[in-house]
Amino acid sequence: AWAKNNGVPVGPGRGSGAGSLVAYALQITDIDPLRFNLLFERFLNPDRVSMPDFDIDFCQDRREEVIRHVQDRYGHERVAQIITFGSLQARGVMRDVGRVLEMPYGQVDKLTKLVPQNPANPVTLDKAIAEEARLRDAAAEDPTVAHMLGIAQKLEGLYRHASTHAAGIVISDRRLEEMVPLYRDPKSEMPVTQFNMKWVEKAGLTKFDFLGLKTLSVLKLALDMLARRGVNIDLLKIPLDDEKSYAMLSRAETVGVFQLESGGMRRALSDMKPDRFEDIIALVALYRPGPMANIPVYCDCKHKRSEPEYIHPNVKDVLEETFGVIVYQEQVMQIAQILSGYSLGEADLLRRAMGKKIKAEMDQQRERFVTGCIERAIPKADADTIFDLLAKFADYGFNKSHAAAYALVAYQTAWLKANYPTEFLAASMAYETSNIEKLVEFRREAERLGIVVEAPSIMTSGVNFEVRQGAIIYALSAIKGVGTEAARQIVAAREAGPFRSLGDFASRIHPRAVNKRTIEMLASAGAFEALEENRARIVAGADLIVSSANEAERSRTDGQGGLFGGDGEAADLRLPGVPSWSAIDRLQKEFAAIGFFLSGHPLDDYAHVLERMRIPTQAQFLKSVRQQAATFGRLAATVIDRQERRTKTGTRMGIVILSDQSGQFEVVIFSERLAQYRDMLEPGRAILITVSATVENDDARLIVQAVESLDQAVARGLKGLRVFVRDEEPLASLQARLNRRGEGDVYVVVMTGEEDVELRLPGRYDVSPAMVGSLKSVAGVMAVHPV
C-alpha cells in the first residue's frame with residue numbers, strides 16, 4: 001500500500017499468493033482470484049507446515065525506496081538482507097591460485113580459457129583436466145602449472161566470498177542479533193544475516209522477496225510519456241477483451257511483450273491465435289519443457305480441429321477452460337476433490353507428493369485416492385488410470401495463480417504496444433540503453449510499424465529516449481562513451497536556450513562531464529549535425545572544443561564571464577578544414593558510436609547493383625527458406641563481429657554476426673572454410689557469402705559455404721561511373737579520391753545550367769560501390785550513377 005500510494009509500481013502478484021482473496025482485498029495482489037478460479041489452498045491450508053511467503057515485484061528503479069520504508073516502519077535493527085556465498089569454480093580458482101603463486105597473468109589466462117565456460121552447468125576442474133590434453137601437457141612441461149592445478153583442485157568448491165541475496169529480506173519481531181548472527185556488507189548500510197536463505201527460516205525468521213521487475217519500470221515510463229500529452233491510463237482498468245491486442249498477439253508481433261517475446265512463444269501464439277485472457281494464462285503455464293507438447297492439443301481443440309478428451313465426465317467443468325488438457329496444479333487438486341473426496345488442503349499434499357515422486361508417499365496417496373473414487377462409484381481400474389494420469393500431469397502442472405498474475409503483466413504490455421506503440425517502444429528502449437542487441441530489435445520494430453526513430457542531436461535529444469510529435473527521439477546517454485552524467489550536463493546546459501554555435505556549446509558545458517572522447521562519440525553519432533554537417537571537422541577539432549570549454553569554466557570560476565565575444569556571446573570556433581568522411585566511413589563511425597547503423601547502411605550504395613544481381617536481403621531469404629523454397633542462397637552483408645570457439649571434436653568454428661538493410665543476423669562457418677576466409681571476415685568488411693540453410697522448429701540456421709569481397713563481386717557487373725557536378729570546383733577533390741586500380745570508365749558531367757558537358761577521364765578506375773560512396777561525399781558532387 002505504501003508503494004502504491006507513493007507512485008512506486010507494484011506487480012499484480014507472484015506465486016501462489018495471488019490465490020488469496022484477502023490479499024486481493026488488501027491490494028497486495030491485483031488479480032481477482034474468484035473470477036479466474038485461483039485456489040487459496042494452493043497458498044495456505046491447515047496441512048501446510050512451512051510458512052507461506054509473498055514474493056512481490058516492484059519497479060526496479062525504486063525497489064530500494066520500498067526496502068528503506070520497511071526499515072523505517074519495522075526498525076532498522078529488525079530488517080536485514082540475506083547472505084549468499086560465492087564458491088570457487090574451475091576458472092576462478094585457477095586465476096586466484098595463479099595470482100598467489102605470482103604466475104604471469106598471460107600464462108594463467110591462456111590456461112583458464114582451456115576450461116569450457118558453461119554457467120548453467122559448470123565444468124569441474126577434474127573433468128576439464130581429463131578432457132583437455134593441453135592442460136595435461138602444460139602441467140607435465142611446467143612444475144609451476146602442475147603445482148597450481150593441484151592446489152586449485154583441492155580448493156575448488158569452497159566458499160570464496162560473501163554477498164547478498166538479490167531480493168531476499170527478513171523482518172523480525174525483535175532485534176535481529178537475538179535471532180541470528182549478523183554480517184556487515186561493506187557495500188550496504190543494511191545488516192546481513194550470516195545464515196543463508198535455507199537456514200534463516202529454520203531460525204524462526206520470515207523471508208520476503210522484494211524483486212525488481214524491469215517490465216514494471218517500462219510500463220510506468222510509457223504511462224508517464226502518455227500523461228505528458230494528456231492521455232491518463234490506469235492499467236488495472238483497461239479492458240481484458242481488447243480486440244486490437246489479441247489481433248496483435250495472434251500475428252505474433254510480440255517484440256517487447258513480457259513473457260511472450262521468444263521465437264518459440266511467437267510460434268505458439270501464431271498457432272493458438274488467443275482471443276481471451278485465459279489463453280494467455282494457459283500459454284504462460286504451458287510454454288515450458290514437457291508441457292509444451294500439449295500446446296498443439298490445446299490449439300487443435302480451441303480451433304475445433306479435434307474434440308477435447310476429459311479424464312472423467314465429472315471433471316469436465318474443471319478442464320473445459322483448457323480443452324481437456326491438465327495445465328495447472330490447481331486442476332489436479334480440484335480433480336482429487338471431486339473424484340475422491342479430498343479436501344483442498346489434502347489435495348495440495350497429494351500434488352506435492354506427486355511432484356516429489358517419493359514411492360512410500362505415492363503408495364499411500366494412491367490407496368487414499370482409489371478408496372475415495374470407489375466410494376463415489378468409480379471402478380478401481382479407472383481410479384488407478386486416473387491417478388497415473390494425474391501423477392504425470394502434476395509433474396508438468398504449473399501454479400495457475402502465478403501464471404494468471406504474470407499473464408496480466410503480459411497483457412498490459414501487449415495492450416500498451418497495440419494501442420500506444422510509440423510510447424511503449426520508447427520506454428522499452430530507455431531500459432535497454434546498454435543492450436545494443438535489444439536496441440537494434442526495438443528500432444527495427446519501430447521501422448516495421450512506421451514509427452520514426454530520430455538520430456541523436458544535442459539540440460533535441462534528452463538524457464533518455466523520448467517521444468515528440470509521434471517520433472522516438474534517440475537518447476544521448478545511449479551513445480557509447482557519453483553516459484548519463486554527460487547527457488544530463490548537455491541537457492541542463494540547453495535549458496538556457498538552443499545552442500547557437502559550437503563555440504556557444506563549448507562555453508556552456510562542464511569540461512569535467514563532457515570530455516574529448518564524449519565530443520568524438522557525439523560527432524560520430526551525428527549529434528552535432530544541426531551546428532556542423534561535417535562530422536570529421538568536429539572530431540578533428542575535439543581538442544579545441546574541450547580547451548574552449550575549460551577556458552569558459554575558468555572564466556566563470558574567476559567571475560569574468562563574457563570574454564569570448566561581444567555582449568557575453570561566445571565566439572564561434574575555427575575547426576580544422578578537413579574533408580568529410582566517405583559515406584562508408586561515416587556509417588562505420590556511426591556504428592562504433594551507436595552500435596548499429598541509424599542514418600543509413602553501408603550497403604545502401606550497393607542497392608541497385610544487388611537488385612540487378614538478384615541478391616535478396618537476409619529477411620527475404622529466410623522467408624523463402626521457411627517456406628521450403630530455398631536451401632542455398634547468396635547474401636550481401638557487412639561484418640559486425642566474429643567469434644571463434646572449439647567444437648566437441650576439437651576443431652575450430654566461427655560464429656559471424658552480419659548486417660544488411662533488413663537487420664543483423666548470424667551465420668556459422670566451420671574449420672576448413674574459416675581458415676580459408678578468416679581474413680575476409682574482419683569487422684567492417686563488405687562481403688558476398690554463399691550459404692546453405694536448414695530449418696528446425698521454424699529457426700533457420702545459415703552455414704557459410706563461400707565468401708568473396710562484395711566490391712570485387714559487384715565490380716564485375718559495373719562498366720563505369722557517371723559523376724554529376726555543377727561547376728569545376730570539386731574536380732581536384734574528385735581526382736584525389738579516384739583510384740586507378742580498376743577496370744572501369746569514369747565520366748564527369750558538368751551541369752552548367754544551359755548545356756551539360758560530359759568528359760571521359762583518361763585511364764581505368766575502381767568503380768566499385770565503395771568508390772561511389774566516397775565520391776558522393778565530395779563537396780559539390782550532385783550525384784554518382786553507375787554505368
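Residues numbered from 1 in each chain as written. Predicted model: local features only at pLDDT ≥ 70, side-chain atom pairs only at ≥ 80, totals over all residues. Heavy atoms only, no water.

A.B. asks: Now, about the overall build of the chain: what can you tell me, with residues and values included?
C.D. replies: Counting secondary structure elements, the chain contains 34 helices and 18 strands. Each of the 787 residues in the chain was classed as buried or not, and the buried ones make up 49%. For the chain, the share of sequence-separated contacts (at least 6 apart) that also reach a separation of at least 24 residues comes to 65%. Within the structure as shown, the chain displays about 38600 Å² of accessible surface, and the carbon and sulfur contribution to it stands at 49%. (Helix = DSSP H or I, 4+ residues; strand = E, 2+ residues; numbered from the N terminus. Buried < 20%, exposed > 50% of the residue type's maximum accessible area, 1.4 Å probe, protein only. Contact = heavy atoms within 4.5 Å. Areas by Shrake-Rupley, 256 points an atom, 1.4 Å probe, with all protein chains shown as cover.)

A.B. asks: How would you explain the confidence of the model for the chain if you had to name every residue and give the values?
C.D. replies: On average, residues of the chain carry a pLDDT of 88, and 98% of them reach 70 or more. In this model residues 562-568 is a low-confidence stretch, pLDDT under 50, and it forms 10 contacts with partners more than four residues away in sequence or in other chains. (pLDDT = per-residue confidence, 0-100.)

A.B. asks: Pulling in residues and values, what's your account of empty space enclosed by the protein?
C.D. replies: Per the stated rule, a full pass over the model turns up 1 cavity of 30 Å³ or more. There is about 50 Å³ of room inside the largest cavity. In terms of lining, the largest cavity is formed by Val10, Gly11, Gly13, Arg14, Ile28, Thr29, Phe54, Asp55, Ile56 and Asp57. Among the residues making up the lining of the largest cavity, the classes are represented as 4 nonpolar, 3 polar and 3 charged. (1 Å grid on protein atoms, 1.4 Å probe; cavity = no way out; pocket = protein on both sides within 12 Å on 5 of 7 lines; lining within 4 Å. Points joined across faces, edges and corners; volume = space filled by probe spheres on them. Nonpolar A, V, L, I, M, F, W, Y, C, P; charged D, E, K, R; others polar.)

A.B. asks: Mind laying out the side chain of Ser401, listing which residues take part and the relevant values?
C.D. replies: Tracing the backbone shows Ser401 in helix H20 (residues 400-419). In this structure Ser401 comes out as buried when scored by relative accessible area, which is 0%. A polar atom in the side chain of Ser401 sits 3.4 Å from the backbone nitrogen of Gly19. In this structure Ser401 touches Gly15, Ser16, Ala18, Gly19, Leu38 and Glu330, once residues within four positions along its chain are discounted. (Polar contact = N/O pair within 3.5 Å; in protein donor to acceptor, adjacent residues only side chain to side chain.)

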